[in-house]
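Here is what each chain is made of, one letter per residue.
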Protein chains: 2
Amino acid sequence: MSDMIGLMAAALTTLSFLPQALMVIRTGRTDGISLIMYAMFTTGVAGWLVYGILLGSLPMIVANSVTLLLASMILALKVRHSLQAKAQAATFSTSAPIAS
Amino acid sequence: MSDMIGLMAAALTTLSFLPQALMVIRTGRTDGISLIMYAMFTTGVAGWLVYGILLGSLPMIVANSVTLLLASMILALKVRHSLQAKAQAATFSTSAPIAS
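Keep in mind that what you see is a predicted model, and the values were worked out from it rather than measured. (Residues numbered from 1 in each chain as written. Chains lettered and ligands numbered in written order. Predicted model: local features only at pLDDT ≥ 70, side-chain atom pairs only at ≥ 80, totals over all residues. Heavy atoms only, no water.)

Asks: I would appreciate a short explanation of the packing of helix 2 (residues 35–55) of chain A against helix 1 (residues 2–27) of chain B in the present structure.
Replies: Helix packing geometry: the angle between the two helix axes and the distance between the axes. Packing of helix 2 of chain A against helix 1 of chain B leaves a shortest axis separation of 8 Å and a crossing angle of 150 degrees. Classified by the angle between their axes, helix 2 of chain A and helix 1 of chain B sit roughly antiparallel to one another. Along this stretch, helix 2 of chain A crosses helix 1 of chain B, giving a crossing that reads as left-handed. Residues Met37, Met40, Phe41, Thr43, Gly44, Val45, Gly47, Trp48, Val50, Tyr51 and Leu54 of chain A of helix 2 of chain A lie in contact with helix 1 of chain B, whose contacting residues are Ser2, Asp3, Ile5, Gly6, Met8, Ala9, Ala10, Leu12, Thr13, Leu15, Ser16 and Pro19 of chain B. Broken down by class, the residue content of the contact of helix 2 of chain A with helix 1 of chain B amounts to 15 nonpolar, seven polar and one charged. (Axes fitted to C-alpha atoms, helices over the stretch in contact; angles between N-to-C directions. Helix = DSSP H or I, 4+ residues; strand = E, 2+ residues; numbered from the N terminus. Parallel < 35°, antiparallel > 145°, perpendicular 65-115°, else oblique. Left-handed = near helix turned anticlockwise from the far one by under 90°. Contact = heavy atoms within 4.5 Å. Nonpolar A, V, L, I, M, F, W, Y, C, P; charged D, E, K, R; others polar.)

Asks: I would appreciate a short explanation of the interface of chain B and chain A in the present structure.
Replies: Quoted interface sizes are often the accessible area lost when the parts come together. Listed as interface residues are 28 residues of chain B and, on the opposing side, 28 residues of chain A. Both faces considered, chain B and chain A share a buried interface measuring about 2300 Å² in area, 81% of it formed by carbon and sulfur atoms. In terms of surface lost to chain A, no three residues of chain B exceed Met40, Trp48 and Tyr51 of chain B, which account for 26% of the buried area on that side. Joining chain B to chain A, the criterion identifies zero salt bridges. Remark: the boundary between chain B and chain A carries four residue pairs in polar contact (both at pLDDT 80 or more). (Buried area = accessible area lost by both parts, 1.4 Å probe. Salt bridge = Lys/Arg side-chain N within 4 Å of Asp/Glu carboxyl O. Polar contact = N/O pair within 3.5 Å; in protein donor to acceptor, adjacent residues only side chain to side chain.)

Asks: Help me understand the relation of the copies chain B and chain A, please; the structure alone is not making it clear to me.
Replies: Between the two chain copies there is a screw-like relation: a rotation about an axis and a shift along it. When chain B is fitted to chain A, the best match, at an RMSD of 0.0 Å, comes from turning it 180 degrees and sliding it 0.0 Å along the axis. Both chain copies can therefore be described as sitting about a two-fold axis. If distances are taken from each C-alpha of chain B to the rotation axis, the shortest is found for Leu55 of chain B, at 4.6 Å. The fraction of interface residues of chain B whose copies in chain A are also interface residues reaches 100%, indicating that both copies meet through the same surface. (Least-squares fit on C-alpha atoms with pLDDT ≥ 70 in both.)

Asks: Please clarify how the layout of surface pockets should be interpreted in this entry.
Replies: Where empty space is left can be seen by rolling a probe of water-molecule size over the atoms. Put simply, the largest pocket is a space of about 1700 Å³. Every element with two or more residues in the lining of the largest pocket is listed here: helix 1 (2–27), helix 2 and helix 3 (58–99) of chain A together with helix 1, helix 2 (35–55) and helix 3 (58–99) of chain B. With 10 residues, helix 1 of chain A is the single largest residue contributor to the lining of the largest pocket. (1 Å grid on protein atoms, 1.4 Å probe; cavity = no way out; pocket = protein on both sides within 12 Å on 5 of 7 lines; lining within 4 Å. Points joined across faces, edges and corners; volume = space filled by probe spheres on them.)

Asks: Help me understand the packing of aromatic side chains in this model?
Replies: Aromatic ring pairs are described here by two measures, namely the spacing of the ring centres and the angle between the planes. By the definition in use, this model includes six aromatic pairs over all chains. Between the aromatic rings of Tyr38 of chain A and Phe41 of chain A, the centroid separation amounts to 5.6 Å while the plane-to-plane angle is 55 degrees, which identifies the pairing as tilted. One end of the pair, Tyr38 of chain A, and the other, Phe41 of chain A, are both in helix 2, three residues apart, so they sit about a helical turn from each other. Each ring, one from Phe17 of chain B and one from Phe41 of chain B, has its centre 5.9 Å from the other, and the planes form 55 degrees; the classification is tilted. A residue pair is termed long-range when its members are at least 10 positions apart, and Phe17 of chain B in helix 1 and Phe41 of chain B in helix 2 qualify at 24 residues. We classify Phe17 of chain B as buried; its relative accessible area is 19%. (Phe/Tyr/Trp six-rings, centres within 6.5 Å; stacked < 30°, edge-to-face > 60°. Buried < 20%, exposed > 50% of the residue type's maximum accessible area, 1.4 Å probe, protein only.)

Asks: Where do I start with the side chain of Thr67 of chain A in this structure?
Replies: Within the secondary structure, Thr67 of chain A is located in helix 3. In contact with Thr67 of chain A, not counting residues within four places along its chain, are Thr14, Phe17, Phe41 and Val45 of chain A.

Here it is, written out as structure tokens:
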């Protein structure tokens, strides 16, 4: 009974996260995402997965594995974009005196 | 030990959800939200809360209570806006022949 409710909850929250996650991964657009908030979210989902394993809860293990996989891909994209933006900003600030 | 990990996970995922949720509630802007996806998410969180109560898991009860409260407020805003948009569309379509 409780596993049925857990699996229903897992299906609903995971499916509701899917379209937006897949769109971010497909388009590679991460500018609407906060790096700190997403790092917190991804670490939190990893924590829920470990907690689910410790409780032996199948719904928690399934839901958090899928979410962790997608969230990690999005976080990796976001980190890459943030580093690129930083590198670009550094190029601009060092080249500015030469250009002016 | 497992409760410590669960509480850490609860704090991280709930805190990462807070800024965006509070911004939506404060500004009342829900146009970036899909009604169906948010209804699924809110129902799913309610399911996780019931599942957490059945398991007697404090971290799940705390995290999902806070998230359910915020998600319900956002869903209510979204439903209100969707109904207003529908009413406005109906007004336009019936008034159009009179205006032209």
